[in-house]
Structures are given as C-alpha cells and as structure tokens.
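Chains, contacts and geometry: an overview
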Amino acid sequence: MSWEAVIGLETHVELSTRSKMFCGCPARFDAPPNTNVCPVCLGLPGALPVPNREAINRIIRIGLALNCSVTGRSVFHRKNYFYADLPKNYQISQFDLPVCVDGYLDVGGDHPGRVGIERVHQEEDTGKSTHMGGDGRISAAEYSLLDFNRSGVPLVEIVTRPDIRSAAQARAYAQELRLLVEALGVSDARLEEGSIRFDANVSVRPGPEAPLGTKVEIKNMNSFRSLERAVAFEIGRQTACLDGGERIVMETRHWDEEAGVTRGGRTKEGSSDYRYFPDPDLVPLELDQDWKDEMAALLPELPARRRSRYEGMGIDPAQAATLAGADVHLRGLFEGAVEAGARPQQAGNWVSGEVVAALRSSGRESLADSPLSGPNLARLLAMVEDSTLSGLAAREVLAGVLAGEGTPEEVASARDLLQISDAGVLEAAVEEVTADHTEEFARLCSGEQKLIGFFVGQVMRRTRGKADPKLAGRLIRERAGL
Amino acid sequence: MAPFTVMGAARALRGGAVTSVQLAEQVLKRASMVEAQVHAYLTLDSDGLLQAAAEADEALASGGGRGPLHGIPIALKDNMATRGMETTAGSKILAGYHPPYDATAVVRLRRAGALVTGKTNLDEFAMGSSTENSAFGPTRNPWNTDRVPGGSSGGSAAAVAAGTAFGALGSDTGGSIRQPASLCGLVGAKPTYGAVSRYGLIAFASSLDQIGPLTHTVEDAAVLLDAVNGPDPLDATSYPGDLPRSDGRLGRGLEGMRVGVVSDLGGLEAVEPDVDASFRKMVAAMEREGARIVDASLPAAPHALSAYYLIAPAECSANLARFDGVRYGLRVDGATTEEMMSRSRAEGFGPEVVRRVLMGTFALSAGYHEAFYGQAQKVRTLIRRDFARAYEGCDVLVSPTSPTTAFPLGDRTEDPMSMYVSDVFTIPSNLAGHPAVSVPIGLDRRELPIGFQVMAPALGEPVMFQAAEAVEALAGFDTRAPYDPGFGLRGGVR
Ligand SMILES: [Zn+2]
C-alpha cells in the first residue's frame with residue numbers, strides 16, 4: 001500500500017535582542033552560569049514581567065515576512081507545567097490570540113510548494129539543566145545544575161499547517177525559513193547553537209483524500225540534515241507499522257542522531273493539559289496600524305524576492321538561489337561588481353566559486369573588512385574578458401587582492417602576470433620554438449593539425465604562462481602557412 | 001499625650017515636640033507590652049528601627065527629611081519583599097527567605113521618609129479572613145484577644161490598633177485590608193487596581209491584589225497612599241497616567257454628594273443586627289449632613305463571591321507554582337525532582353493554600369475551563385457593567401464593610417464557606433478594580449468595632465476619601481484599642 005506523509009513543523013527562533021523578553025537582563029547565555037539573572041527571570045516571589053518592545057517589533061517583522069496578518073490585539077497566556085528549569089513553573093506564551101496568524105512561506109528548489117503558516121507567537125525561553133553523574137540523563141543523574149541565563153530570552157514560535165509532504169520538503173522549508181530569519185536580522189539564526197530549533201509533527205495516510213493519521217511529534221534535530229533524516233525515518237517507521245497491521249501511538253519521539261532512529265520517550269510525558277489562561281500580570285498588546293506600518297517599512301529584501309531579482313538579471317536559477325542565500329558580504333561583492341559593469345552570470349560564478357574558494361584557502365571567515373570590493377572584482381573580470389589575464393593568472397591576482405597587495409592591475413603587474421598579447425613579442429617566441437623543433441614543425445606544415453597544441457604549449461612554457469594562447473595559436477598557424 | 005496617628009506624629013516631629021527615636025521607642029515599648037498577646041509581627045526589627053530613627057533625627061536636624069512620612073514608624077505586611085529582611089508571606093515554604101530586593105511600595109515608603117518597624121502576620125499567602133491561616137500562629141484582635149483581627153492583613157491591622165506602628169501597609173485581594181480594618185476599628189483603603197505597583201508583592205491573585213494603607217484616620221490613609229502610589233515601569237498593570245491626589249477633596253463635607261445604598265450587595269440577611277443598625281444610622285446622619293441618599297443596585301453582585309472563588313484560586317494556582325523547593329524556600333528531598341517538588345509543596349503549604357491551589361487547578365482544567373473560569377470572567381464583566389450603571393446615579397456607594405464584627409478564634413476554621421462569606425461586601429470592588437475604604441463607625445453590643453464601606457469608581461479616591469472623612473467625623477470613633485498599660489489589653493485579662 002502506498003502512503004502519503006503529512007508533516008507540520010514547529011520552529012523556535014531565539015531573538016537576538018539586547019535584553020530578555022520580560023526583564024532587563026542581557027539576552028546572552030554564554031556568560032558564566034547564573035550571572036545574567038534578576039528577580040524576574042529567576043521567578044522570585046513578587047517579581048513581575050514587563051514585555052520587551054523590541055522583541056514585539058521583531059515578531060511583527062517575522063509575521064509580515066511570512067505573509068501573516070498581524071492581529072490588532074494579542075494576549076500573553078500562562079502555560080502551566082512543572083519543570084526544574086522553568087523558574088515560575090509556567091511559561092509566558094500565547095494561546096488563542098498570537099501576534100501573527102494565517103501566513104505562508106513559498107519553498108522553491110527541487111521541492112516547490114506553498115507551506116501555510118498557522119501562527120507565529122511570542123514566548124520566553126527556559127533555563128538550562130545539566131545532569132551530573134550517571135549517563136547525563138535526568139533519570140540516572142546524581143544531581144542537576146541549573147543555569148538561568150537563558151531563562152526569559154525571547155523566543156518566537158512559528159507553526160506551519162500540515163502542508164509538507166516529504167522529508168526533503170521539510171528540509172527545504174526549514175532552510176528557507178532560516179534564510180528568511182537571517183535576512184530579517186532578528187536572530188543569530190544558528191542551528192548548532194540552538195538559536196533555531198525544529199520540531200516535526202509527522203503522520204501518514206492512505207491518500208490525499210483520507211483523513212489525517214495519528215501524529216507523532218519528533219524532537220531533538222540539530223541540523224537540516226538530521227531534520228530530513230528524522231522525518232524520513234519516521235515516515236518509514238509509521239508506514240512499516242501500518243503495513244504490519246499495527247496502530248500508530250500518539251507520542252513524542254526523540255531523534256537519535258548516531259543510531260539514525262527516532263525513539264519513543266521512556267519518561268512519562270504526563271498530561272498535556274497546560275491550563276492556559278491569560279497572564280494577569282500583563283495587559284493585552286494593542287498592535288495598531290502605525291506600529292505595523294513602521295515595522296513593514298523596516299523589512300529588508302527577502303530571500304525569495306532577491307532570488308527572482310537575480311534571475312531577472314539573467315542568472316540561472318541554481319546560481320541565483322546560491323547567491324541569494326550567500327552572506328551579506330558576498331552578496332554585496334556580487335552586486336557591487338555588477339554595478340561596476342561585470343556580467344551578472346560571470347560575476348555570480350566568480351563570487352560563489354573562486355571567491356569562496358580563495359576565502360577558504362586564505363583562512364578568512366568572511367569578506368567583512370576585505371580589500372576586495374565590487375569594482376575591484378569587476379576590473380579583474382574585465383581583464384579576463386579582454387585577455388589581459390589568463391584564467392589561471394586571474395585566480396592568483398584574486399588571492400593577491402584578498403591579501404591586500406593592491407588593485408588587480410597592481411597585483412598582476414607586481415606578480416608579473418599580465419598576458420602577452422603583443423604579436424611582435426610573441427612572434428619572436430614562435431620563431432624560437434619552431435627553430436628548436438624543426439621535425440615537428442615540418443609535420444605541422446604538412447598538415448598534422450594536432451601539433452598546434454604542442455607548439456602553443458611550447459610558447460606558453462617559454463613565456464612562463466603569460467602568452468595569450470589564442471594569439472600564439474594564430475601566429476603558429478600563420479607561420480606554418482595553414 | 002503621645003501622638004498615635006501618622007499625621008499627629010509628623011506634626012509633633014516637625015514641631016520639635018518629639019524625636020523620631022522617641023516615636024520608635026514608643027512603638028517598641030507598646031510592642032513589649034502587647035506583642036506576646038497580640039502577635040501582630042512576624043519580624044519586629046527593633047535595632048533597624050532605632051538606628052533608622054536616629055538617622056532620621058540627624059537628617060531633620062541638618063535640614064533634610066522633607067518626605068511626608070519622615071521619621072514615622074510604619075509596619076509592612078509580610079507579603080512585600082524587603083531587601084535582606086525575612087519575607088515569608090505567612091508560609092512555612094518561605095521561612096528563612098530573605099529577598100534580594102525591595103518591593104516598589106517599600107522603596108517609595110522609604111523614599112517618603114518612613115521607617116519600617118517590621119513585617120506583620122497574615123493568612124498564608126494572604127488567603128483567609130482571620131489571620132488564623134498563618135503558618136506562624138494567629139494574630140489576636142487588640143480589642144478583644146479572644147477574637148480574630150480579620151484577615152488577611154490581620155497583623156497590619158492589629159499592629160496599628162495596638163499602637164505598635166503609626167500606620168501600616170496591607171494588601172487587599174477580596175477585602176484583606178478593609179475587613180481587618182473593620183474588625184480592628186481602623187481606616188483601611190484598597191486603591192484603584194493599578195494605583196500602587198504590585199512589584200515585590202508576593203502574588204495571591206494578580207488581577208485583584210492591591211497594596212493599601214491601614215491607619216487611625218482617613219487623612220493618614222490618604223497621605224500613606226499618595227506616598228506609595230503612581231506608575232511603575234516594573235509593573236505592566238500599574239496605571240500609567242497621573243493619579244489624582246487622594247487628599248484632594250478632604251474637608252469638603254457631604255453637601256450635595258449623591259450616596260448610593262446598595263440593596264442587593266450579596267444577601268443582606270447575613271448582616272448582624274448591630275452592624276445593620278449602625279450602618280443605617282450612619283446613612284441617616286449622612287443625609288442630615290446634606291448627602292442625597294439614593295437606592296443603587298448591583299444585580300450581578302450576588303454572584304461575585306462565586307466568581308471570586310474561581311478567579312482568585314485559578315490565578316493563585318499558577319502564582320504559587322514557583323514555590324517548588326528548587327531555588328529558594330523549603331526543600332524536602334525526594335528520589336526524583338518531581339518527588340522533591342511535590343514533597344516540598346506538601347510540607348510547605350498549609351491546608352487553605354492547598355485547597356485553593358486545587359480549586360484553581362481544577363477550574364482551569366481542560367473541559368472545565370469554560371464552565372468555571374470562563375463563566376467567572378463573564379460575571380466579572382457584568383459586575384463592572386453594574387457598577388458603571390450605578391455610578392451614573394451616584395458619586396459613591398456605601399455598605400457595611402463586613403456582615404459581622406470580630407468573631408472568636410477557631411469559630412470558622414472548620415467551615416471554609418463561613419469564612420468566605422465574611423468578604424461578601426468587599427469582593428465586588430476587587431472584581432471591578434475600584435477603590436473602597438472602610439471607616440470605623442461604632443461598637444456593637446460586645447464592644448467590637450463596626451466598619452462602614454465607601455466605594456468609588458476607578459480613580460475616584462478623592463471623592464471616596466472626602467465621603468470617608470465626613471463619615472469619620474460623624475462617627476467620632478476613638479480608634480485606639482482600649483488598654484491599660486499596667487495590665488495589657490482588656491481581652492488579654494483572662
Ligand atoms: Zn532577568
């Protein structure tokens with residue numbers, strides 16, 4: 001029997017605001033444990049939350065970028081559950097009146113489709129437990145250490161509709177969302193540091209018309225790859241279960257990266273009755289049109305739009321997607337080069353190919369503060385176009401420019417890399433090599449065309465690679481009377 | 001004669017008739033005489049008080065000390081965070097807890113020059129109407145120590161009535177300032193919701209809690225309130241605008257004031273005859289003074305008690321979740337974190353707290369949420385609407401503060417409902433977020449004080465205190481609990 005997978009993703013994005021969601025503590029948790037804390041984020045008796053306006057600004061921008069409607073009136077609720085790293089034993093979150101609802105994100109590439117966004121809501125992060133002794137799990141630990149630096153850091157949760165149909169599409173959505181969040185500048189958007197976290201709800205059904213199957217929530221995916229693998233595994237597990245006549249149990253499963261499997265929770269999840277009710281310590285957010293307009297005006301160019309703009313310049317879709325997803329410095333270099341007259345496709349190829357490779361081999365992390373500017377790259381490409389530089393020499397010039405040796409012209413002449421395109425100079429070299437190889441030259445003259453390459457190679461060697469190979473070929477042909 | 005009111009002490013101090021140290025010594029001497037019987041305080045900070053008083057005298061001598069409460073000893077209910085001073089909320093679960101910060105009201109009280117005498121007893125987490133629910137033993141009524149002082153701010157009321165503080169701050173969630181003020185023969189005011197910051201007030205029910213004054217006079221209450229109220233960036237529910245001065249209409253009398261008498265404020269049949277008679281007598285006196293007495297109706301008020309006992313427990317069930325033994329307070333070890341938490345809570349909370357946490361948890365549960373919590377919020381909306389209608393026809397509303405005078409210790413502890421009904425007149429103002437004040441107007445046949453409640457619309461403190469001051473003048477009530485310095489309190493001679 002064939003099964004259709006139905007997938008929804010819940011994404012937590014940690015905002016990179018200066019202060020926490022409901023207090024003035026720095027929203028950084030790389031400090032020594034329990035140093036960025038105060039009565040509010042420690043949940044001390046009597047302390048009260050006050051919302052961070054900048055966090056609200058950012059969730060509005062996220063919602064607008066996801067084509068959501070931003071509600072006029074939004075309410076914070078208390079989500080009640082006991083956990084040692086949740087200081088108040090309730091999380092301030094949102095329930096039936098989130099900041100943003102009803103949007104979508106278009107996913108391109110190999111798995112195109114529109115993924116509906118059900119809601120985008122604001123909440124606060126928890127502290128962090130470290131279980132000491134045993135195998136690191138809470139069940140076997142001798143004791144646990146708690147760090148509340150992360151407690152109260154603003155989180156935005158983005159919940160999709162169950163519109164995703166494959167593991168690859170889930171990954172494509174996640175990648176697109178990360179690009180979007182990064183473009184908005186609202187979060188560090190680093191998966192490995194947990195500033196973006198994905199949970200997936202997976203179910204399968206016999207076909208598109210069938211009612212939704214029992215869904216299973218999967219957690220603990222730390223990369224796009226593990227998200228895709230986990231979802232794929234879970235789809236396989238569920239179809240195998242159903243094919244074997246078993247039933248799917250509604251549960252939360254954890255992805256085990258090393259074993260490549262999802263595992264059912266051994267611990268009892270308890271009741272999922274969070275007893276939501278409006279937090280009486282907070283007043284409803286009144287999001288008026290002026291506020292929304294102000295945030296809309298702050299939206300940068302978003303990845304999808306940028307991709308189509310690049311395609312409009314005549315760049316092929318794959319290259320456009322790569323460039324649009326590149327970091328701000330690489331994109332700046334590309335756009336600067338095009339502005340300075342470089343051909344878009346050529347500039348794109350160089351930026352995503354040679355420049356990235358040169359950066360990597362120079363050991364630099366990014367182009368930030370690099371002497372390689374758009375106009376510099378445009379000049380370098382122009383020198384390749386008009387044969388002043390060979391492709392090989394141009395790569396060397398690029399490395400020189402990156403190393404701060406000067407403009408492309410300066411580097412090329414300092415390193416003596418300018419191509420010899422002077423027929424008079426090359427004529428002499430041609431004369432010398434034909435004189436050195438009289439036998440081969442006679443065979444060429446008698447029509448053995450393939451020897452052209454041999455002679456061009458000899459000219460290149462004699463000129464230490466600087467000869468314009470096309471010009472050299474023409475001169476050799478002329479000399480052989482071909 | 002030694003001053004006993006806040007303003008009396010302030011005037012004597014500025015006039016040079018007394019020093020702040022003398023005021024402090026007077027308070028401490030009274031405490032040494034009566035505290036063993038009354039038990040108003042959980043923490044009496046004698047050394048801190050004397051030292052602060054000496055500093056206040058020095059400041060005054062060198063031309064400083066311009067705060068309205070400069071050098072006056074004031075008591076704090078023990079559910080307000082005081083930096084470095086034990087703050088228990090009357091609960092075993094917080095025994096030994098020393099907050100690292102001061103509540104905003106405490107900061108402002110100190111800024112106004114007041115000296116903190118200590119922390120007063122209360123029903124655990126302010127849940128109760130008799131102060132018998134304190135984990136540290138009950139407080140007794142200075143008027144008759146066989147009887148309760150009311151609650152939950154019973155310690156604050158008893159301290160002021162017994163002369164062990166010139167005034168006190170309490171908190172009022174369903175009547176917890178006004179009812180003990182009534183039972184202890186004092187003035188007690190609950191301001192408009194949001195007038196006084198709740199930052200640092202250990203929450204019982206966040207949407208109802210307000211800090212307010214307990215004092216001997218209406219003027220004292222207005223002055224104390226104005227010292228601590230005003231917007232606070234640390235409390236998102238604090239009223240953001242400028243507040244009218246609470247003493248702005250004092251001395252204007254009752255001429256032309258429209259006074260609404262509520263006929264249906266929650267079943268008048270429960271009112272004791274002496275309380276009812278006193279109340280009616282005062283209304284008649286007000287009319288003679290020029291007030292226009294009108295009939296007022298709050299049709300939804302009979303449901304207020306039920307709504308309150310859903311909303312307050314629901315909020316408290318979440319507010320008290322943080323007391324889990326993890327970060328502060330009592331910890332009872334267990335094999336797992338969950339076991340540690342549940343043992344700490346079982347050991348740390350008293351039965352009334354457990355009862356309300358359970359009620360609240362149930363009221364918020366899936367399947368019951370709408371029927372209980374949802375309905376209660378609707379009642380709340382109706383009560384607000386009723387009040388708005390009533391205030392179209394009158395400036396203030398009046399009622400008895402409590403259906404009864406002080407009841408004997410132990411009388412109602414076995415039957416929670418009988419305790420709950422003592423707040424029947426005070427709860428509607430909390431649900432509406434409106435100000436209300438209790439003023440003592442006389443004694444019943446057992447010589448126990450009777451309170452008279454004046455309610456006003458939101459931000460109506462000036463007209464509320466105007467009416468209250470007129471009532472105070474008409475009553476001519478001596479608010480000092482009778483005592484003989486040689487023998488202690490009257491009720492204590494047993
Ligand atoms: Zn904090």
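Residues numbered from 1 in each chain as written. Chains lettered and ligands numbered in written order. Predicted model: local features only at pLDDT ≥ 70, side-chain atom pairs only at ≥ 80, totals over all residues. Heavy atoms only, no water.

Things to note about the overall build of chain A
Counting its regular elements, chain A contains 15 helices and 16 strands. Taken over the C-alpha trace, chain A has a radius of gyration of 30 Å; the compact-globule value for 482 residues is 23 Å, which it surpasses by more than 25%. Seen through its C-alpha atoms, chain A measures out along the principal axes to roughly 95 × 55 × 50 Å. Looking at chain A as a whole, 50% of its 482 residues qualify as buried. Put simply, 70% of the contacts in chain A that link residues at least 6 apart link residues at least 24 apart. (Helix = DSSP H or I, 4+ residues; strand = E, 2+ residues; numbered from the N terminus. Rg over C-alpha atoms; globule rule 2.2 N^0.38 Å. Buried < 20%, exposed > 50% of the residue type's maximum accessible area, 1.4 Å probe, protein only. Contact = heavy atoms within 4.5 Å.)

Remarks on the overall build of chain B
The number of helices and strands found in chain B is 15 helices and 13 strands. Expected size for 494 residues packed as a compact globule is a radius of gyration near 23 Å; at 21 Å, chain B falls within 12% of this value. Here chain B holds 494 residues, and 62% of them are scored as buried. The contacts in chain B between residues at least 6 apart in sequence include a share of 76% that link residues at least 24 apart. For chain B, the exposed area adds up to about 16,700 Å²; of that, 53% sits on carbon and sulfur atoms. (Areas by Shrake-Rupley, 256 points an atom, 1.4 Å probe, with all protein chains shown as cover.)

Regarding the coordination of the zinc ion
Residue and element names in this part refer to chain A. Donor atoms from the polypeptide that bind the zinc ion are Cys23 (SG), Cys25 (SG), Cys38 (SG) and Cys41 (SG), placed at 2.3 to 2.4 Å. Geometry at the zinc ion is tetrahedral, judged from its four donor atoms and the angles of 99 to 114° they form at the metal. When the donor residues of the zinc ion are listed from N- to C-terminus, their spacing reads C-x1-C-x12-C-x2-C. Judged by relative accessible area, Cys23 falls into the buried class, the value being 11%. (Donors = N, O, S within 2.8 Å, 3.2 Å for Na, K, Ca; no water. Tetrahedral: all angles 85-135°; square planar, octahedral: opposite > 155°, others 65-115°.)

Notes on the interface of chain A and chain B
At the interface, 33 residues of chain A touch 37 residues of chain B. Between chain A and chain B the total buried area reaches about 2,700 Å² when both faces are included, carbon and sulfur atoms providing 61% of it. For the chain A face of the interface with chain B, the top three residues by lost area are Pro45(A), Leu48(A) and Arg275(A), together amounting to 22%. The tally of links between chain A and chain B comes to one salt bridge. Residue Asp281(A) is joined to Arg198(B) by a salt bridge in which the shortest nitrogen-to-oxygen separation is 3.1 Å. At the boundary of chain A and chain B, one finds 16 residue pairs in polar contact (both at pLDDT 80 or more). Looking at the side of chain A that touches chain B, the elements with two or more residues in it are β4 (76-80) and β15 (277-278) of chain A. Residues that form the side of chain A that touches chain B fall into these classes: 24 nonpolar, four polar and five charged. (Buried area = accessible area lost by both parts, 1.4 Å probe. Salt bridge = Lys/Arg side-chain N within 4 Å of Asp/Glu carboxyl O. Polar contact = N/O pair within 3.5 Å; in protein donor to acceptor, adjacent residues only side chain to side chain. Nonpolar A, V, L, I, M, F, W, Y, C, P; charged D, E, K, R; others polar.)

Focus on the pairing of strand β11 (residues 196-205) of chain A
Residues and elements named next belong to chain A. When you tally the buried positions in β11, you get nine out of 10 residues, the bulk of the element. Sheet analysis places strand β1 (residues 4-14) next to β11, joined by 10 bridges and oriented antiparallel. When the bridges of β11 are listed, Thr11 appears paired with Phe198. By the bridge criterion, four bridges tie β11 to strand β12 (residues 216-221) in an arrangement that is antiparallel. Within the sheet, the bridge partner assigned to Val202 lies in β12 and is Val216. (Pairing = 2+ DSSP bridges.)

Some words on the domain arrangement of chain A
Domain annotation of chain A identifies domain 1 (4-294), domain 2 (303-413) and domain 3 (423-480). On a C-alpha basis, the centroid separation for the pair domain 1 of chain A and domain 3 of chain A is 68 Å. (Domains from an automatic or database assignment.)

A look at the packing of helix α14 (residues 451-462) of chain A against helix α15 (residues 469-480) of chain A
Residues and elements named next belong to chain A. The contact between α14 and α15 brings their axes to 9 Å, and the two run at 125°. Viewed along their axes, α14 and α15 adopt a mutual orientation that is oblique. Classified by chirality, the crossing of α15 by α14 is right-handed. Of α15, the residues touching α14 (which contributes Ile452, Phe455, Val456, Val459 and Met460) are Pro469, Ala472, Gly473, Ile476 and Arg477. A per-class count over the contact of α14 with α15 returns eight nonpolar, one polar and one charged. (Axes fitted to C-alpha atoms, helices over the stretch in contact; angles between N-to-C directions. Parallel < 35°, antiparallel > 145°, perpendicular 65-115°, else oblique. Left-handed = near helix turned anticlockwise from the far one by under 90°.)

Points about the sheet that holds β15(A)
Residue and element names in this part refer to chain A. Strand order in the open sheet made by the three strands is β5-β4-β15, with antiparallel pairing throughout. If you trace the sheet from one side to the other, it starts and ends with β5 (90-94) and β15, each paired once. As judged from the five bridges shared by β4 and β5, these two strands associate in the antiparallel manner. Bridged to Phe76 within β5 is Gln94.

Quick word on the environment of His254(A)
Residue and element names in this part refer to chain A. The topology assignment puts His254 in strand β13 (residues 252-256). Linking His254 and Thr17, residues 237 residues apart in sequence, is a C-alpha distance of 30 Å. Beyond its immediate chain neighbours, meaning those up to four positions away, His254 contacts Lys219, Asn220, Val261, Thr262 and Arg263.

Regarding the pattern of salt bridges
Between side chains of opposite charge, a pair can form as their charged atoms come close. Residue and element names in this part refer to chain B. Considering all chains together, one arrives at 56 salt bridges over all chains under this definition. A salt bridge links Arg110 to Asp102, with the shortest nitrogen-to-oxygen separation between them at 3.3 Å. Judged by relative accessible area, Arg110 falls into the partly exposed class, the value being 37%. With its nearest N and O atoms 2.2 Å apart, the salt bridge here joins Glu352 to Arg355. Of this pair, Glu352 and Arg355 are both found in helix α11 (residues 351-363), three residues apart, which corresponds to roughly one turn of the helix.

Describing a negative patch on the surface
Residue and element names in this part refer to chain A. A cluster of acidic side chains, namely Asp288, Asp290, Asp293 and Glu294, defines a negative patch on the protein surface. Tracing the backbone shows Asp290 in helix α4 (residues 289-297). Residue Asp290 is classed as exposed on the basis of its relative accessible area of 59%. (Patch = residues over 30% accessible without salt bridge, like charges linked within 9 Å, V, L, I, M, F, W, Y side chains within 5 Å. Lys, Arg positive; Asp, Glu negative; His and termini not counted. Charge placed at Lys NZ, Arg CZ, Asp CG, Glu CD.)

Section: the packing of aromatic side chains
Within a pair of aromatic rings, the relevant descriptors are the distance that separates the centres and the angle that separates the planes. On inspection of all chains with the given rule, the structure shows 23 aromatic pairs over all chains. Measuring from ring centre to ring centre gives 5.3 Å for Tyr101(B) and Tyr199(B), while their planes differ by 55°; the resulting arrangement is tilted. Taken together, the residues span a long stretch of sequence, with Tyr101(B) in the loop between β2 (73-77) and α4 (104-111) and Tyr199(B) in the loop between β5 (187-190) and β6 (210-215) at a distance of 98 residues. Here the two residues Tyr101(B) and Tyr199(B) agree in accessibility, since each one is buried. Three or more aromatic residues link up through ring pairs in this structure, and these residues are Tyr97(B), Phe125(B), Phe323(B), Tyr328(B) and Phe349(B). One cation-aromatic arrangement involves Lys79(A) over Tyr274(A); the distance from NZ or CZ to the ring centre is 4.4 Å. The side chain of Arg480(B) reaches across the aromatic face of Phe4(B), ending 4.2 Å from its centre. (Phe/Tyr/Trp six-rings, centres within 6.5 Å; stacked < 30°, edge-to-face > 60°. Lys NZ or Arg CZ within 6 Å of the ring centre and 35° of its normal.)

Side note on the nonpolar core
By size, the foremost hydrophobic cluster in this structure holds 193 residues, and its most contacted members are Leu66(A), Val120(A), Ile158(A), Tyr173(A), Phe125(B) and Phe452(B). Looking at this core element by element, the count peaks at 10 residues for helix α9 (residues 304-319) of chain B. In this view, Val120(A) contacts Ile59(A), Ile62(A), Leu66(A), Cys68(A), Pro98(A), Val99(A), Cys100(A), Val156(A), Glu157(A) and Ile158(A); residues no more than four positions away in its chain are not counted. (Core = buried A, V, L, I, M, F, W, Y, C linked by side-chain atoms within 4.5 Å.)

Details of unusual backbone geometry
Cis peptide bonds are those with omega within 30 degrees of zero, and the linkage from Gly151(B) to Ser152(B) qualifies with 10°. You will see that Asp369(A), though not glycine, has its phi angle at about 60°, which is positive. The residue Asp369(A) is located in the loop between α8 (344-362) and α9 (374-385) in this model. In this model, Ala126(B) sits at a positive phi of 65°, which is unusual for a non-glycine residue. In this structure Ala126(B) comes out as buried when scored by relative accessible area, which is 2%.

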